[in-house]
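Examination of the molecular architecture
Each chain, written out:
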Amino acid sequence: FGFSLVRGVPIEPGMVEVVGNMLGHVRNTNYGTIFDVVDKGASAENLAYTAASITQHTDNPYRDPVPGVQLLHCLRAAPGPGGE
């Protein structure tokens, strides 16, 4: 278990997959190789598509094999306080 911060990654779509493939193999799921977390407001069909605060949790523990490492790459922060 752990946490790492990687700096200097270009702020471009798809770079999180490039970095992931530098570290190992990026697994394809039913969401694809990249899952974009975007606030879709009232049309959200998944908690990740809302502006709701999400505490620490495990994604997809039912998968076989279970996820090993998850990478997050913020391309644009929401306006307002938080996330600095």
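What counts and what doesn't
- Residues numbered from 1 in each chain as written.
- Predicted model: local features only at pLDDT ≥ 70, side-chain atom pairs only at ≥ 80, totals over all residues.
- Heavy atoms only, no water.
- Helix = DSSP H or I, 4+ residues; strand = E, 2+ residues; numbered from the N terminus.
- Contact = heavy atoms within 4.5 Å.
- Buried < 20%, exposed > 50% of the residue type's maximum accessible area, 1.4 Å probe, protein only.
- Polar contact = N/O pair within 3.5 Å; in protein donor to acceptor, adjacent residues only side chain to side chain.

A look at unusual backbone geometry
Note the cis peptide between Asp64 and Pro65, where omega equals 5°. On the secondary structure map, Pro65 appears in the segment after helix H1 (15-23). Phi is positive for Asn60, close to 55°, though the residue is something other than glycine. Here Asn60 is to be found in the segment after H1.

Concerning the environment of Val66
Positionally, Val66 belongs in the segment after H1. Beyond its immediate chain neighbours, meaning those up to four positions away, Val66 contacts Arg27 and Pro61.

As for the side chain of Asn60
Overall, the relative accessible area of 19% leaves Asn60 in the buried class. Among the polar contacts made by the side chain of Asn60, one reaches the side chain of Tyr62 at a distance of 2.6 Å.

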